[in-house]
Amino acid sequence: MNRVHFLGECMIELRHGENGVMHQSFSGDVYNSAVYLKRCFDNVECSIVTAVGQDALSDEMLNTFHKADLNTELVFKHPTKHAGLYIIKIDDKGERSFTYWRSDAAARTIVNFLNDDVLSKFKSGDMFFFSGISLAVIEPEARPLFWQKLEQLKQAGVILVFDPNYRARMWHSEADSKEAFNRAFGLAQIALPGIEDLEQLYGLHTGIDVIKFCQSFDIEEVIVKDGPNAVLSLANNQIEKHEITPCENVVDTTSAGDAFNGVYLGARINEYSIAKSIALAAQAANITVQHPGAIAPKQAFMSDMSALLNT
């Protein structure tokens, strides 16, 4: 079975509902991507790599991972820390704003758990996925060791996948984030940048700007996301434009990019073409934004995805 390891943070999500009622669930960019990949491609093993606490909500988070059929062998329990938490508000256009409590989250210590035995498990996988949020969450003093681990994985033949997913408030400075992102781009074989993220950090305003930036690194495959607009791809030194159909019923954009990433990687690991993989990924994103919260209801999601998956 093909295997993808997703390293990062899953958090407790509180979302405002009607009449002041708060809805509690779990979310995090790499976790969301793993869920959507597994839904669409059951032949791929999706392994979550993170740290949680030993409290009731952390146990509930683990149960949620199991229900999504994710491998939790590399979910570690920190003896004193807990999962991070955030509250999300959605405006009438489906755009979101967040308030976070994550500065002392267990996931920040994940590198401490990455011993040689864990690294050998990573080496047995096909892909290793991490994001700009994954990097920001990791304690700064642990990042040099994390880079060493990634270099070992790349040398072992594991495909490293990076989504910048830039959140300025999570970084000490712009210089720190650029240093980390440049290192990540330099290691990645697949990059899944969004224009908005790189516009904030590097001043890149168009898909072509992003493509040219990525060409300065040794990245085999680049997929540039631009919300509801066309997707650009770079592979084998060829740039292609892929038109997509924008969603007209946007409820919540929270994890559109995460759904895109997960389904795209699942399609590619199953040897779909880049064009077909983008079409599937864009459809997954379109379905996701029509539902509140980071994870769309499985039955509704798969009902809308099944036709395209079966063609």
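Look up a bit, the structure's there.
Moving on, we get to the overall build of the protein chain. Of regular secondary structure, the protein chain possesses 11 helices and 13 strands. Its C-alpha atoms give the protein chain a radius of gyration of 18 Å, within 12% of the compact-globule value 19 Å for 311 residues. The principal-axis extents of the C-alpha atoms in the protein chain amount to approximately 50 × 50 × 40 Å. Excluding contacts between residues fewer than 6 apart, the proportion of contacts in the protein chain whose partners are at least 24 apart in sequence is 70%. Carbon and sulfur atoms provide 46% of the accessible area of the protein chain, an area that totals close to 13,700 Å². The distance from the centre of the 27 positive side-chain charges to the centre of the 40 negative ones in the protein chain is 2 Å.

Here we take up the nonpolar core. Counting 54 residues, the largest nonpolar core has Phe6, Phe41, Phe260, Tyr264 and Met305 as its most contacted members. In this view, Tyr264 contacts Leu192, Glu221, Ile223, Ile274, Ser277, Ile278 and Ala281; residues no more than four positions away in its chain are not counted. With 53 residues, the next largest nonpolar core counts Ala188, Leu198, Val210 and Phe213 among its residues.

Our next topic: the pattern of salt bridges. Overall, the coordinates contain 14 salt bridges when judged by the stated rule. Between Lys121 and Glu73 there is a salt bridge, and its shortest N-O distance comes to 3.8 Å. Here Lys121 is found in helix α3 (residues 116-123), whereas its partner Glu73 is found in the loop between α2 (56-67) and β5 (75-77), with 48 residues between them in sequence. Look at Lys121 and you get partly exposed, because its relative accessible area is 29%.

With that settled, the discussion passes to the state of the cysteines. Evaluated as defined, the whole model comprises 0 disulfides. In this structure Cys46 is a free cysteine whose sulfur lies 10 Å from that of Cys40, the closest cysteine sulfur available.

This paragraph deals with the sheet that holds strand β10 (residues 190-191). Sheet strands associate in pairs through backbone hydrogen bonding, adopting either a parallel or an antiparallel arrangement. The 9 strands are arranged β5-β4-β1-β8-β9-β10-β11-β12-β13 in an open sheet whose pairing can be described as mixed. The sheet is open, and its two borders are formed by β5 and β13 (238-242), each paired with just one other strand. Bridging between β10 and strand β11 (residues 221-224) involves 2 bridges; their strand directions are parallel. Along β11, the bridge assignment pairs Ile190 with Glu221.

What follows concerns the packing of α3 against helix α5 (residues 143-155). Where α3 meets α5, the axes come as close as 10 Å, and the angle between the chain directions of the two elements is 40 degrees. Accordingly, the angle class assigned to the pair α3 and α5 is oblique. Considering the relative orientation of α3 and α5, their crossing is right-handed. For the pair α3 and α5, contact is made by Asp116, Leu119, Phe122 and Lys123 and by Lys149, Gln152 and Leu153, respectively. For the contact of α3 with α5, a count of residues per class yields 3 nonpolar, 1 polar and 3 charged.

Now for the pairing of β11. Every second residue of β11 is oriented toward a common face, with Glu221 and Ile223 on one face and Val222 and Val224 on the other, all of them buried. Looking at chain direction, β11 and strand β12 (residues 231-235) are connected through 4 bridges and run antiparallel. Bridge pairing in β12 places Ile223 opposite Ser233. Between β11 and β12, which pair antiparallel in sequence order, lie 6 residues; one of them, Gly227, sits at a positive phi of approximately 60 degrees.

Attention shifts here to helix α1 (residues 29-40). Because an α-helix completes one turn every 3.6 residues, residues spaced three or four positions apart along the sequence face the same direction. In this model α1 runs 17 Å from its N-terminal to its C-terminal C-alpha over 12 residues, within 8% of the 16 Å that 1.5 Å per residue would give. Most of α1 is tucked away, with 12 of its 12 residues classed as buried. Within α1, burial applies to Asp29, Val30, Tyr31, Asn32, Ser33, Ala34, Val35, Tyr36, Leu37, Lys38, Arg39 and Cys40.

This part is about the side chain of Lys81. Tracing the backbone through its elements, the reader meets Lys81 in the loop between β5 and β6 (85-90). In this structure Lys81 comes out as buried when scored by relative accessible area, which is 19%. A polar side-chain atom of Lys81 sits 2.5 Å from a polar atom in the side chain of Asp104. If we ignore the near neighbours within four places in the chain, the residues touching Lys81 are Val52, Gly53, Gln54, Asp104, Ala105, Ala106 and Thr109.

About the criteria used
Residues numbered from 1 in each chain as written. Predicted model: local features only at pLDDT ≥ 70, side-chain atom pairs only at ≥ 80, totals over all residues. Heavy atoms only, no water. Helix = DSSP H or I, 4+ residues; strand = E, 2+ residues; numbered from the N terminus. Rg over C-alpha atoms; globule rule 2.2 N^0.38 Å. Contact = heavy atoms within 4.5 Å. Areas by Shrake-Rupley, 256 points an atom, 1.4 Å probe, with all protein chains shown as cover. Lys, Arg positive; Asp, Glu negative; His and termini not counted. Charge placed at Lys NZ, Arg CZ, Asp CG, Glu CD. Core = buried A, V, L, I, M, F, W, Y, C linked by side-chain atoms within 4.5 Å. Buried < 20%, exposed > 50% of the residue type's maximum accessible area, 1.4 Å probe, protein only. Salt bridge = Lys/Arg side-chain N within 4 Å of Asp/Glu carboxyl O. Disulfide = S-S within 2.5 Å. Pairing = 2+ DSSP bridges. Axes fitted to C-alpha atoms, helices over the stretch in contact; angles between N-to-C directions. Parallel < 35°, antiparallel > 145°, perpendicular 65-115°, else oblique. Left-handed = near helix turned anticlockwise from the far one by under 90°. Nonpolar A, V, L, I, M, F, W, Y, C, P; charged D, E, K, R; others polar. Expected span 1.5 Å × (residues − 1). Polar contact = N/O pair within 3.5 Å; in protein donor to acceptor, adjacent residues only side chain to side chain.

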